[in-house]
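# Summary of structural features
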Amino acid sequence: MMDAPEDDDIRIVEHTADWALRLRGDDLKALFARAAEGMAYLLAGDTSVVPRDLSRDLTLEAYDAEEMLVLFLGELVYWAERDGLVFPVADLRDVTPTRLVGTVSGGRPAEIQKHIKAVTYHDLAIRQTEAGLEVTVVFDV
Amino acid sequence: MKSSDFKRINPYLYEIPAAHRPDMRVPARFYADAELLQQALGDKSLDQLANSATLPGIVAYALAMPDIHQGYGFPIGGVVATRVPDGVISPGGVGYDINCGVRLLGTRLSRADIAPYLDELATQLQRNCPHGVGRGGEFVLNRKQLEDVVRKGAGWALERGYATPIDLELTEENGRIEGADPAKISARAYERARDQLGTLGSGNHFIELDVVDDIFDETAATRMGLFPGQIVAQIHCGSRGFGHQVCTDYVARFQRVVHQYGIVLPDRELVCAPLSSPEGQDYLAAMKGAANFAFANRQLLTHLIRRSFDDVLAGKVDDPSVYQIYDIAHNMAKIEEHEVDGKRVRVCVHRKGATRAFGPGSAVLPDVYRDIGQPVLVPGSMGTASWVLVGTEGSMAQSFGSTCHGAGRVMSRSRAKREVQGDELRRGLESRGIRVRAGSLSGLAEEAPQAYKDVDRVIEVVHGAGIARKVARLVPVAVVKG
C-alpha cells in the first residue's frame, strides 16, 4: 500500500483513471520541491526506502510556470523509467516561470511501485492562495 | 454537468447542445443508458467531452462511447473528427499511450484440453512475457534498429521470424501505418524504448486466457475461427515509453505555438495545431512511428505467447498452435473518409479510448472480414467478460466508424486501493477458477472489477445503438497483469 505523505502541502486527489497530486508551497522553489517529493512517493511508495547517493543537475527553460513544472517533473519521469532512479529531494537555487536551476538528490530504490507515463497539463494552473502557491498535477499512469 | 444540460435523442444516445457553452463549436453526443449516464455524471467526463467540442475544425459532433470516464483533456472514450487539412490535430486527443490496443489470438484447444496444464501455462506466460514496472525484455535495440521498427511496424517482426504473413494481414493497418518518420521522434523517446519492445508494461495492461462463453453471431464467429468452449488469448498494451515520450514532446512543442494559430482552449491538455502546419505534420509522422512500435510490440508478445504454449503444451495436446484473429488500436488519430451532411469528406478521427469499427464492405478490411465488418475487441475488467463485436453500417453513419473500447473505470485508483485488498482479490478470482499472475498486489487492487463499469451493460448500449454488433462473449481463465 502506498505510504502517501498526506500533509497539507502534498495531497493525493481522487481521479477516476489516473493519479493526481495537490501541492502547496510558499513560492515556486518550495512548490517545485514538494512536487518532486510527492512524485517520489507515487513512484517509490515510501521515500524512506530511496537511497540518497545520487544527484542530478538541472537547467531548464520554459514558456511559463506551468510548463516549467511539467518539464521539471518530466525529467524525473524520464530518469525513473530509463534508469530506475527516484529523486525525493530538490535543491532548487533559482526558479522563475521561465528558468530553473537546481539539483535533485535520490537514488535507485529496490523497486519502483508505480509507473508514471507522463505529466499532463490537464487543468494545470498555479494559483496564489492564502496558504501560498497551489497547483494540482494529473499524472498519466 | 447537470441532467438539464442535455437531451435524450434515443434510448441510447444523449446530446449536449452547442449552445450549452459559447466556446462549443458543435454539439456533444454520448452513448449511455440510464445507469451509465448516472456514472458519467459522477466525474468530470462530460465536461471534458464538452471541452473537446471546442477544437477548431471539428465536424458534426464531439462523441463519447458508453465506457466514457474522466481522463485528461479528452475524456476516455472520446471520438473527435476534424476537417482535413484545415482542422487541428491534438496529441492529447490520442493520449500518451499511442496505439494502445488489443490483440485476440485463437487456439484449437478447449477448456478441457488445457485444464491439466492451466497453472503451468499461466506461470509460463508470466515468465516469458516481460511485465511490470521497469521490466525490459529480450529485444534490446539501438537507435538504428528502433528506427527500422518505426518504419516497418509489425513487418519488422515478420522479417525476423516473429510473425506470420497472416498475423499482419489480420492487424489494423496491416501492422504498419504509412508515413512514419523516425526523424520526427526525439532521442529521449529512443532512449526510453531501448529494451521495451516485446514487453507488457503495467497499469491496466494484461495478457489473458479466455474461454468462448457464448456466440451471438455464428457467421461472424465462424469466420473469425471462434467456437464455443474455445481457449483464446488477449493482449492489451501499447507503445510503452516510446509513445509516452512522443506525446510528451509534442504536447510541450504545441504549447509554444498554439497561440500563434489563434487557438484558445479551455484546457491546456487539449493543445492542438492545424493538421496542415509544420507542427501538425511532424506530430502525425511521429505518432505513426509510435503506432508502428506498438504494432511490433504486440507482435513480439504474440511470439512470446506462442513460445509459452509450445513450452507447456507441445506433445501433450494435438495442436498447441496460436493464430491471429485480429489486432485493433484504441488510442489513435487517423485520416479517414466519412459522410458528413450527405457529403464524403476527409477527416482526422481522434479516438482516445475508442475502437475503430468499420462496417461491412470497407475496402481497408482484410478480405476474410470484409463482408462481416471489422472485428472489434473489447476487454472487460479483470474477472469479468470480454467481448468480440463487429463494426456496422450504423457505426459508419453515427460515430465515424467508432465504438467502445472497454468497460470504463468508475472508481478512482486511490479509492480502489483503499477498498480492495490485492491478496483477497486474487484469492477470490482463484476461487472462481481464474489463475492470476500479478506483478504487484497493490497494482492488482487498482484494477479490481469493482473499479470498472459493467462491461455487459456497455456492450448492450453499443449493440442497441447500432454502432457495433455482438459476436462472442469471453470469460477469463488466466490473467497475467503487469
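Residues numbered from 1 in each chain as written. Chains lettered and ligands numbered in written order. Predicted model: local features only at pLDDT ≥ 70, side-chain atom pairs only at ≥ 80, totals over all residues.

Turning next to the overall build of chain B. Regarding its fold elements, chain B presents 16 helices and 19 strands. Computed over the C-alpha atoms, the radius of gyration of chain B is 21 Å, within 12% of the 23 Å expected from 2.2 N^0.38 for a compact globule of 482 residues. Over its C-alpha atoms, taken along the principal directions, chain B stretches across nearly 65 × 50 × 45 Å. Here chain B holds 482 residues, and 62% of them are scored as buried. Counting only contacts in chain B whose residues sit at least 6 apart along the sequence, the fraction spanning at least 24 positions is 77%. (Helix = DSSP H or I, 4+ residues; strand = E, 2+ residues; numbered from the N terminus. Rg over C-alpha atoms; globule rule 2.2 N^0.38 Å. Buried ≥ 20, exposed ≤ 12 C-beta atoms within 10 Å, placed from the backbone. Contact = placed C-beta atoms within 7 Å.)

Along chain A, the regular secondary structure elements total two helices and eight strands. Going residue by residue from the N terminus, the α and β elements of chain A occur as β-β-α-β-α-β-β-β-β-β. Taken along the three principal axes of its C-alpha coordinates, chain A extends 35 × 35 × 25 Å. Of the contacts formed within chain A by residues at least 6 apart in sequence, a portion of 64% connects residues at least 24 apart.

Next up on the list: the interface of chain A and chain B. If you look at the interface, chain A gives 30 residues, while chain B gives 36 residues. Among the secondary structure elements, those contributing two or more residues to the side of chain A that touches chain B are helix H2 (65-83) and strand S8 (132-140) of chain A. Along the lines of polarity and charge, the residues of the side of chain A that touches chain B split into 13 nonpolar, eight polar and nine charged. (Nonpolar A, V, L, I, M, F, W, Y, C, P; charged D, E, K, R; others polar.)

Here we take up the sheet that holds strand S5 (residues 74-83) of chain B. Residues and elements named next belong to chain B. Strand order in this open sheet of seven strands is S1-S2-S3-S4-S5-S13-S12, and the pairing throughout is mixed. At either margin of the open sheet sits one strand with a lone partner, and together these are strand S1 (7-10) and strand S12 (331-340). The average undirected angle you get between the axes of adjacent strands in this sheet is 30°. In the sheet, strand S2 (residues 13-16) pairs with strand S3 (residues 28-31) via four bridges, with the strands oriented antiparallel. Bridging from a neighbouring strand, Tyr14 pairs with Phe30 of S3. Each of S2, S3 and strand S4 (58-72) is contacted by helix H16 (residues 455-465), which is oriented at about 160° to S4, the strand it contacts most. (Pairing = 2+ DSSP bridges. Axes fitted to C-alpha atoms, helices over the stretch in contact; angles between N-to-C directions.)

Here the focus is the packing of helix H4 (residues 118-128) of chain B against helix H11 (residues 278-313) of chain B. Residues and elements named next belong to chain B. Two numbers describe how H4 lies on H11: the axes approach to 9 Å, and their chain directions differ by 140°. When the interaxial angle is binned, H4 and H11 end up oblique. Like other packed secondary-structure pairs, H4 and H11 cross with a definite hand, here right-handed. Here Glu120, Leu121, Gln124, Leu125 and Asn128 of H4 lie close against H11, whose contacting residues are Leu304, Ile305, Arg307, Ser308, Asp311 and Val312. Counted by class, the contact of H4 with H11 contains five nonpolar, three polar and three charged residues. (Parallel < 35°, antiparallel > 145°, perpendicular 65-115°, else oblique. Left-handed = near helix turned anticlockwise from the far one by under 90°.)

Residue and element names in this part refer to chain A. On the basis of which strands lie adjacent, the open sheet formed by three strands has the order S3-S5-S4 and antiparallel pairing. Looking along the sheet, the strands with just one partner apiece sit at the ends: strand S3 (54-61) and strand S4 (86-95). Neighbour to neighbour, the strand axes of the sheet diverge by 20° on average, direction disregarded. Here helix H1 (residues 28-44) sits on the sheet in contact with S4 and strand S5 (99-107), set at roughly 170° to S4. Contacting S3, S4 and S5, H2 crosses the sheet at an angle of about 145° to S3.

Turning our attention to H16 of chain B. Residue and element names in this part refer to chain B. Considered for burial, the residues of H16 that qualify are Val455, Val458, Ile459, Val461, Val462 and Ala465. Viewed along the axis of H16, the buried residues span an arc of 155°, placing them on a single side of the element. Where H16 ends, the next residue or the one after it, Gly466, has phi of about 85°, a positive value. (Arc of directions from axis to C-beta.)

Below, the discussion takes up the environment of Arg29 of chain B. Residue and element names in this part refer to chain B. Here Arg29 is to be found in strand S3. C-alpha of Arg29 to C-alpha of Tyr61: the two residues are 32 residues apart in sequence and 6.4 Å apart in space. Beyond its immediate stretch of four places on either side in the chain, Arg29 contacts Leu13, Tyr14, Glu15, Tyr61 and Leu63.

Residues and elements named next belong to chain B. Here S12 runs beside strand S13 (residues 343-352); their pairing, made up of ten bridges, is antiparallel. Note on S13: the bridge partner recorded for Glu337 is Arg346. Linking S12 back to S13 in an antiparallel pair, the connection comprises two residues, with Asp341 at a positive phi of about 50°.

With that settled, consider the packing of helix H5 (residues 143-152) of chain B against H11 of chain B. Residue and element names in this part refer to chain B. Interaxial distance between H5 and H11 falls to 7 Å at its minimum, and their mutual angle equals 95°. Comparing their axes, H11 and H5 come out roughly perpendicular. Residues Val149, Val150 and Lys152 of H5 pack against Gly289, Asn292, Phe293 and Ala296 of H11. For the contact of H5 with H11, the class distribution of residues is four nonpolar, two polar and one charged.

Another aspect to go through is the confidence of the model for chain B. When pLDDT is averaged along chain B, the result is 96, and 100% of the positions lie at 70 or above. Across the whole predicted complex the pTM is 0.96, and at the interface the ipTM reaches 0.91. (pLDDT = per-residue confidence, 0-100.)

Next up on the list: the environment of Pro56 of chain B. Residues and elements named next belong to chain B. Following the sequence through the fold, Pro56 ends up in the loop between helix H2 (45-52) and S4. As a C-alpha pair, Pro56 and Ser362 span 306 residues in sequence and 28 Å in three-dimensional space. Discounting residues that sit within four places of it in the chain, Pro56 has contacts with Gly87, Val88 and Ile263.

On to unusual backbone geometry. Residue and element names in this part refer to chain B. Cis geometry is adopted by the peptide bond preceding Pro85, which originates at Val84 and carries an omega value of 10°. Its place among the elements puts Pro85 in the loop between S5 and strand S6 (88-89). A positive phi angle is found at Ala60, which is not glycine, with a value near 65°. Locating Ala60 in the fold gives a position in strand S4. The phi dihedral of Arg240 falls on the positive side, at around 55°, and the residue is not glycine. As for its placement among the helices and strands, Arg240 is situated in helix H10 (residues 240-257).

This part is about the environment of Phe87 of chain A. Inspection of the secondary structure assignment puts Phe87 of chain A in strand S4. Overall, Phe87 of chain A belongs to the buried group, with 26 C-beta atoms counted inside 10 Å.

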